[in-house]
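Next come the chains, spelled out residue by residue.
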Amino acid sequence: MQSAKILVVDDDHFTRTLLDGLLRGRCLDLRLAETGGQARAAFAAEDFNLVLMDQRLPDANGLDLLREFRKIRPRLTAIMITGHADVKDAMAAVREGLFDYRTKPFEDLDDLERVIGKALEMDRAYREIDALKASLAGPSLIGASPVVMRLAEQIRQVAKLDTTVLLEGESGTGKDVVARMLHAESRRAKAPYLDVNCGALPESLLEGLLFGYEKGAFTGAAKTTAGTFEKAHGGSLFLDEIADMSPKLQSSLLRVLQDGAFSRVGATERRSSDFRLICATNRPLAAAVAAGSFREDLFYRINVVVLRLPPLRDRVGDVVLLATHFLDHFTAKFGKKVGPFSPAALRALEIQPWPGNVRQLKHAIERLVALHPGGPVDVPHLDGVIEAVAPGPAAAVGAPGPLGYQQARHDFERDYLRGLLAAAGGNISEAARLSGIPRQNLYVRMKRWAIVTD
Ligand SMILES: Nc1ncnc2c1ncn2[C@@H]1O[C@H](COP(=O)(O)OP(=O)(O)OP(=O)(O)O)[C@@H](O)[C@H]1O
């Protein structure tokens, strides 16, 4: 758990001592309040990453107090501590944006620590997004995982060097974003940035687009047109899907890179252009060289500095941050009030395999916001939204292959809990007895998979 500032509000001495013992060693700053009055004073004086709030206080109702706090700080992350009798109110509060609740006495301290860890992660996500918004006007790479932090540092270093960069990464991992960042952070930032997808056009059209052409050079060449090489003069040129370039165009590109000069199609005049080249590929270029489909000499020309973009499944820690960022983005864009995510919804997003990477997550959140009636986002809201996303390449060719471990576990848990509840005749206490899972835990898990609703 990272260092954080936590406010614990509880009039019960035993609970305060227990939470103090549990958290003191892990966070820099813990404030304890016994009454609503003390909590108000502490909240006014400091900026807390998390509030743990007892529902029944001698001079206040914890839920009302949190509502008051959220008017001042709408993104306040809070967990309610409640007695069994008040669970219904706490569940209603989750719908209003409370992060989660736990019942006293705490049966499972590991679970309590976990939910506190998740709440702090959520708070961090909100803060990082706000900081990003405040500091950046240009393209930005959202992510706080070590691998993304390292990549961001590499981008900063390489951007200034004016060297050719090759970006390798699966589709949807953010190669286009990184190419724009390299340009935006380079000394060429004020000059043009042009991008061409080499996989999207037939050879002759791509040639005309890159080199430009003279009027009448080919059917349809109605007027003399400058190509991307010329237009990118002084700036950066991003060639996406470089591995899809035909052998003929690979040779032409190699000559341009060697000579710094080229001719428009149908012309003899040589023109020169000074651009910084950034290339991207979603399959390793070395493999294309080994397979004979990509020229080795061109490979060495563009394989100067290689930046590798990790797939989203290798940086699960970033899912919360990205999902929250996209939720913010699309609620603003569509003028809707959707959110926040419930902890269960965040967990459900984290265990998806995301074969389409950040692009898939972004589209899923866009669809979610478009279809959502408004208010917090829980697991049932994600159902159609995630499944509606285009399947990965294996599924696309009808060869499903083995499920990812997380997906298999997810399926098992949902099926097990459904069967368990049926075996217990719909009675959760009986299901808890049969399974040996504490009732409260079981209830939360069943809610997560929408097997029970409140
Ligand atoms: N780290 C990130 N932070 C913010 N947005 C991201 C990030 N990664 C990807 N995106 C967003 O996801 C979408 C897909 O990203 P992008 O087009 O850069 O992927 P790509 O790797 O170039 O994919 P392809 O190989 O299919 O061209 C874009 O809308 C982009 O803004």
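Residues numbered from 1 in each chain as written. Predicted model: local features only at pLDDT ≥ 70, side-chain atom pairs only at ≥ 80, totals over all residues. Heavy atoms only, no water.

(A) Region of interest: the site of the ligand. Around the ligand, 19 residues are found, and the nearest of them are Ile142, Ser171, Gly172, Lys175 and Lys362. Between the ligand and the protein, one listed contact pairs an oxygen atom with a side-chain N or O atom of Lys175 at 2.7 Å. Note that an oxygen atom of the ligand is positioned 3.2 Å from one of the backbone N or O atoms of Val177. For the shell around the ligand, the secondary structure elements donating two or more residues are helix H7 (175-184), helix H13 (319-334) and helix H15 (357-371). Taken together, the residues of the shell around the ligand sort by class into 6 nonpolar, 6 polar and 7 charged. (Near = heavy atom within 4 Å. Polar contact = N/O pair within 3.5 Å; in protein donor to acceptor, adjacent residues only side chain to side chain. Helix = DSSP H or I, 4+ residues; strand = E, 2+ residues; numbered from the N terminus. Nonpolar A, V, L, I, M, F, W, Y, C, P; charged D, E, K, R; others polar.)

(B) A look at the sheet that holds strand S12 (residues 236-240). With parallel pairing, the 5 strands of this open sheet are ordered in space as S9-S12-S15-S8-S16. Each edge of the sheet is formed by a strand with only one pairing partner; in this case those strands are strand S9 (193-197) and strand S16 (305-308). Between one strand axis and the next, the sheet turns by 20° as a mean value, whatever way the strands run. Relative to strand S15 (residues 276-281), strand S8 (residues 165-168) runs parallel, the two sharing 4 bridges. (Pairing = 2+ DSSP bridges. Axes fitted to C-alpha atoms, helices over the stretch in contact; angles between N-to-C directions.)

(C) Region of the structure containing the domain arrangement of the protein. Partitioning the protein into domains gives domain 1 (5-134), domain 2 (146-308) and domain 3 (313-448). For domain 2 versus domain 3, the distance between C-alpha centres works out to 39 Å. Facing the 6 residues of domain 2 at the interface are 8 residues of domain 3. When domain 2 packs against domain 3, close to 520 Å² is buried across both sides, 38% of that on carbon and sulfur atoms. Of all residues in domain 2, Val148, Glu170 and Gly172 give up the largest surface area on contact with domain 3, accounting jointly for 64% of the area buried on that side. Linking domain 2 with domain 3 are 1 salt bridge, by the criterion used here. In this structure, Glu170 engages Arg313 in a salt bridge whose closest nitrogen and oxygen atoms are separated by 2.5 Å. At the junction of domain 2 with domain 3, the criterion picks out 6 residue pairs in polar contact (both at pLDDT 80 or more). (Domains from an automatic or database assignment. Contact = heavy atoms within 4.5 Å. Buried area = accessible area lost by both parts, 1.4 Å probe. Salt bridge = Lys/Arg side-chain N within 4 Å of Asp/Glu carboxyl O.)

(D) Fine view of the packing of aromatic side chains. Counted under the stated rule, the structure contains 7 aromatic pairs. Between Phe211 and Phe229, the aromatic rings sit 5.0 Å apart at their centres with planes inclined by 85°, giving edge-to-face as the arrangement. Separated by 18 residues along the polypeptide, Phe211 in helix H8 (residues 203-211) and Phe229 in helix H9 (residues 228-231) bring together distant segments of the chain. An identical accessibility class is assigned to Phe211 and Phe229; each is buried. Within the aromatic cluster, the residues linked to one another by ring pairs are Phe211, Phe229, Phe262 and Phe275. (Phe/Tyr/Trp six-rings, centres within 6.5 Å; stacked < 30°, edge-to-face > 60°. Buried < 20%, exposed > 50% of the residue type's maximum accessible area, 1.4 Å probe, protein only.)

(E) Helix H1 (residues 13-24), seen in detail. Taking 1.5 Å as the rise per residue, H1 with 12 residues should run 16 Å; its terminal C-alpha atoms sit 16 Å apart, in good agreement. Of the positions making up H1, those classed as buried are Thr15, Arg16, Leu19, Asp20, Leu22 and Leu23. (Expected span 1.5 Å × (residues − 1).)

(F) Region of interest: the sheet that holds strand S1 (residues 5-9). Pairing is parallel in the open sheet, where 5 strands are placed in the order S2-S1-S3-S6-S7. The strands lining the two open edges of the sheet, one partner per strand, are strand S2 (29-33) and strand S7 (100-103). Averaged over all neighbouring strand pairs, the angle between strand axes comes to 15°, with direction disregarded. As paired elements, strand S3 (residues 50-54) and strand S6 (residues 78-82) share 4 bridges and run parallel to each other. Each residue of the ladder has a partner; that of Met53, found in S6, is Met80. Along the sheet, H1 contacts S1, S2, S3 and S6; its crossing angle with S2, the most-contacted strand, is approximately 175°.

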